[in-house]
Amino acid sequence: MNNTLIISLFLAVAFIIPNLCYAIPAPCTQEQLLESSDFAIEGTVTKVECGEPYESKQCSAKDGIEGFVPELVAKCKATVKVSDNIKGKYNKGDEVVIPYLQLVQQCENGTHMIPGSPLKVFVPNSVIKYYNSEQCKYWNYLQISVPPSNN
């Protein structure tokens, strides 16, 4: 009985540990974000421009399942008017262009590669905080407020 438990634990660890290597890293602290960034700003998104969607190659079809739809992303640029310089060279009123990837179409009937590329959504007229940290690229963007919808 005791050997069965030890073998079960060993097998569980053997299967889990390799998969942890590919997991998205733990969220960065405020200090890590600031330390790893050349600049950090708070501001309003004034414009968003995106290129043509393309397959991200971050998702593959599951074996034996029909109806695979690949993940599509687009290279985008958000223009942000700075209201607060948290760190770096940008001053209040400056405009900063931030490149990012935006999800266009979710993967269906497929398996995602983990961690994959970080995807973001910048919304015009929203207030954001952005840190240009490569180390904390999964956690370097915070949407503070979104404009009300006109329904």
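Worth saying up front: this structure is predicted, and the values here are computed from it rather than measured. Residue numbers here run from 1 along each chain, matching the order of that chain's written sequence. Owing to the predicted nature of the model, reporting of local features is limited to residues with pLDDT of at least 70; listing and counting of side-chain atom pairs is limited to 80 or more, with chain, interface and lining totals taken over all residues. Side-chain numbers here rest on the full set of heavy atoms in the structure, without hydrogens or water.

Undergrad: I tried to follow the pattern of salt bridges on my own but got confused; where do I start?
TA: Oppositely charged side chains are able to pair whenever their charged atoms sit close together. For this document, the term salt bridge refers to a Lys or Arg side-chain nitrogen within 4 Å of an Asp or Glu carboxyl oxygen. Across all of its chains, the model carries 2 salt bridges by this definition. For the salt bridge of Lys47 with Glu49, the shortest nitrogen-to-oxygen distance reads 3.9 Å. Only protein chains enter the accessibility calculation, which uses a 1.4 Å probe; a residue is then buried when its area is under 20% of its type maximum, exposed when over 50%, and partly exposed in between. We classify Glu49 as partly exposed; its relative accessible area is 44%. Taking the shortest distance from any N to any O, the salt bridge between Lys137 and Glu134 comes out at 3.3 Å. The partly exposed category is assigned to Lys137, whose relative accessible area is 28%.

Undergrad: Explain the confidence of the model for the protein to me, please; I cannot follow it from the model alone.
TA: Segments scoring low in pLDDT should not have their predicted coordinates read at a detailed level. What pLDDT reports is the predictor's confidence in each residue, on a scale of 0 through 100. Averaged over all residues, the pLDDT of the protein is 84; the fraction at 70 or higher stands at 83%. Contacts were defined at the residue level, with two residues in contact if any of their heavy atoms lie within 4.5 Å. Counting contacts from residues 1–22, a segment whose pLDDT is below 50, to residues more than four positions away or on other chains yields 3 contacts.

Undergrad: Can you help me understand the state of the cysteines in this one?
TA: Put plainly, a disulfide is one covalent bond tying together the sulfur atoms of two cysteines. Our working definition of a disulfide is a cysteine sulfur pair at a distance within 2.5 Å. Here the structure, examined in full by the defined rule, presents 3 disulfides. Across a sulfur-sulfur distance of 2.0 Å, Cys50 and Cys76 are joined as a disulfide pair. Sign of the S-S torsion, about 110° for the bond between Cys50 and Cys76, identifies this disulfide as right-handed. Remark: Cys76 occurs in strand E4 (residues 72–87) and Cys50 occurs in strand E1 (residues 40–50); sequence separation between them is 26 residues. On the basis of relative accessibility, which here comes to 3%, the residue Cys76 falls in the buried class. The helix and strand labels rest on DSSP assignments: H or I over at least four residues marks a helix, E over at least two residues marks a strand, and numbering proceeds from the N terminus.

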